[in-house]
Amino acid sequence: GAVVNPVLPKIYVHDLPPILRTGRKSFDVEFDWALSSRMLLHPARTASPGAADYFWLVGPSSAGALVDKLNHIKAHHEVWNQSVADGRPRHLAMLLSERGPGDIFENSELVLGRYSKYPADINPASPSRAWAILTHNGMADLRPTRAPPIHIGRRLLASTRFPAAPSPRVSSPDGVSSPGASSAPGVPSADVSSPGPVSRCVNCFQRGKDIVLPFQPSTTDVPSCAEIRRVSVFSPENKGRKWPRRDILFFYAGRIHPSLEHARFLTYYDGMRSKHVRAEILPHANLPGFVIVNSYNKSVRRVDAHAHMLRSRFCWVPPGQRYGDARRHIMSVFTGCIPVLSIPDNNNTLDELLPWSAFSLLVPPDQLPRLPHILASVTPAAEARLRAGLGCAWHRLWFSSIYGACLGEDPATDAFDGLLRVLGARAAAWRGAGNSAGAAAGGAAASLGGGAPDVDGCLAALNHQEVE
């Protein structure tokens, strides 16, 4: 279950050369800077690299800029090699687009095995990656494939033949092979695999290393603070308001592609018959209580999604059209509609802190044919508990300390504070395990304090319910 952590980690913001802090515009660059600005002013920031649990990388992260930043730190800061040796991913980079690494790296670069372009401590696909991704997408999509796709500009060409084999490899100290001469002691080089299928990923999420963050306001499927105040069942402005009866059992509105032919670059694409997860609910479209609005059909009449959420008991949260980040859970929570998450190989937002199964239904894609039965099995008492849980979870899904308190909440209970709690819990575990680098920072840890106890007491109660 989720763990509420009272320890503030110490985070050093790398003072990178200006050329590595700027660069060509990348996805969500404004949000990137907003998070970094908050970090620069936060009490968790430390001026001493030796006291730090984590290291924050500032600036837009196009592929070239990111790799340059990582290589600069690797060359100039011994803590990188120490982190690799300890197996602790302590450097934090923000990849805040729909598919994280898949939106900035060429698809043919996100591979393991003989065709790896980057050393294992840099390669986003590598289990030995020495840095963590702050992302919106929690899909752990590393899968075997017969041939990595070749990405040329915006086109994908299906590769049926592997490139020529690279030069012979030698083993590095951690057992990972590398081409030619070995890299610095203790630092893994490129990953190796035997001939045959090559593993690759697009999103490349790794549980226990990467962290899923919520979104900035006024973006796709996440409205402005003013709109949330207008429609949220938790808004003080709506106190005493008479809400519509929840007469819809299950609601979803969005484009439902029949297959993955429009997204053949995904690791889930296995040929022309590869079905899109969203298509799995179409057989339920005409069942009593189900409202499924498929905007892929151009003749369909659009609906007010927020109004329907307020009338619905359960709201579906699938992956994006091209398996980008799922976003519908944000407004589902704010409108009191219990999220039903069906995302392949997914890790949920701040799920080391938020006990998602205590306030949502987690229905894997292969269980969607059973969805009517699953919903019917939720008792009225269980549904009431799930909906009550939304009342404490929403605090952690909004960056109140950056964009302002929408619903009168304490900014100390927001998503940024939640991120620090996840990092603090990990650092505390490292220190408890006797990690030398973490032990050095142990004396610098401090209590988070602030207004968090009410929210975290609520979350602790949810976690207890989940365990029961």
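Rules and cut-offs
- Residues numbered from 1 in each chain as written.
- Predicted model: local features only at pLDDT ≥ 70, side-chain atom pairs only at ≥ 80, totals over all residues.
- Heavy atoms only, no water.
- Helix = DSSP H or I, 4+ residues; strand = E, 2+ residues; numbered from the N terminus.
- Buried < 20%, exposed > 50% of the residue type's maximum accessible area, 1.4 Å probe, protein only.
- Contact = heavy atoms within 4.5 Å.
- Disulfide = S-S within 2.5 Å.
- pLDDT = per-residue confidence, 0-100.
- Salt bridge = Lys/Arg side-chain N within 4 Å of Asp/Glu carboxyl O.
- Pairing = 2+ DSSP bridges.
- Axes fitted to C-alpha atoms, helices over the stretch in contact; angles between N-to-C directions.
- Polar contact = N/O pair within 3.5 Å; in protein donor to acceptor, adjacent residues only side chain to side chain.

This part takes up the side chain of T135. Summarising the element assignment, T135 is placed in strand 5 (residues 131-135). Relative accessible area serves as the criterion here: at 2%, T135 is assigned to the buried category. Leaving out residues up to four positions away in the same chain, T135 has contacts with L95, L96, G100, N203, F205, I211, V212 and L213.

This brings us to the state of the cysteines. Under the definition given, this model contains three disulfides. Note that C201 is cross-linked by a disulfide to C204, the S-S spacing being 2.0 Å. A torsion of 90 degrees about the S-S bond marks the disulfide between C201 and C204 as right-handed. The exposure class assigned to C201 is buried, which follows from its relative accessible area of 1%. The exposure class of C204 is buried, given its relative accessible area of 2%. A disulfide bridge connects C225 with C406, and the sulfur atoms are separated by 1.9 Å. With a gap of 181 residues between them, C225 in helix 5 (residues 225-231) and C406 in the loop between helix 10 (400-403) and helix 11 (415-432) connect regions that are remote in the sequence. Under the relative-accessibility criterion, C225 is labelled buried at 15%.

Take the confidence of the model for the protein chain next. Of the residues in the protein chain, 79% reach a pLDDT of 70 or more, and the chain-wide mean stands at 83. This model gives residues 150-195 a pLDDT under 50, and the stretch forms 99 contacts once residues within four places in sequence are excluded. Here residues 435-453 is a poorly scored stretch, pLDDT under 50, and it has 41 contacts once near neighbours within four places are set aside; other chains count.

With the rule as written, the count across this model stands at 17 salt bridges. The salt bridge involving R143 is made with D270; its shortest N-O contact spans 3.9 Å. In this pair, R143 is assigned in strand 6 (residues 143-145) and D270 in the loop between strand 13 (248-254) and strand 14 (290-294), connecting sequence segments 127 residues apart. The exposure class assigned to R143 is partly exposed, which follows from its relative accessible area of 26%. With a relative accessible area of 61%, D270 lands in the exposed category. Between E383 and R387 there is a salt bridge whose closest N-O contact spans 3.3 Å. Residue E383 and its partner R387 are both found in helix 9 (residues 380-393); the two are separated by four residues, about one turn of the helix. The network of salt bridges with common partners includes R313, E383 and R387.

We now examine the sheet that holds strand 17 (residues 361-362). One open sheet holds the five strands; their spatial order is 14-13-15-16-17, and the pairing between them is parallel. Two strands in the sheet have a free side with no partner beyond their single neighbour: strand 14 and strand 17. Across four bridges, strand 15 (residues 312-317) lies against strand 16 (residues 338-341) in parallel orientation. Among the inter-strand pairings, V317 is bridged to a residue of strand 16, identified as L341. On top of the sheet, helix 9 reaches strand 15, strand 16 and strand 17; it is set at about 100 degrees to strand 16, its chief contact.

Take the environment of K209 next. Take K209: it is sitting in the loop between strand 11 (198-200) and strand 12 (211-212). On a C-alpha basis, the gap between K209 and A130 in space is 9.0 Å, while along the polypeptide they are 79 residues apart. Discounting residues that sit within four places of it in the chain, K209 has contacts with P89, S126, P127, S128, R129, W131, A132 and R426. Within the structure, K209 has its side chain in polar contact with the backbone oxygen of P127 (distance 3.0 Å).

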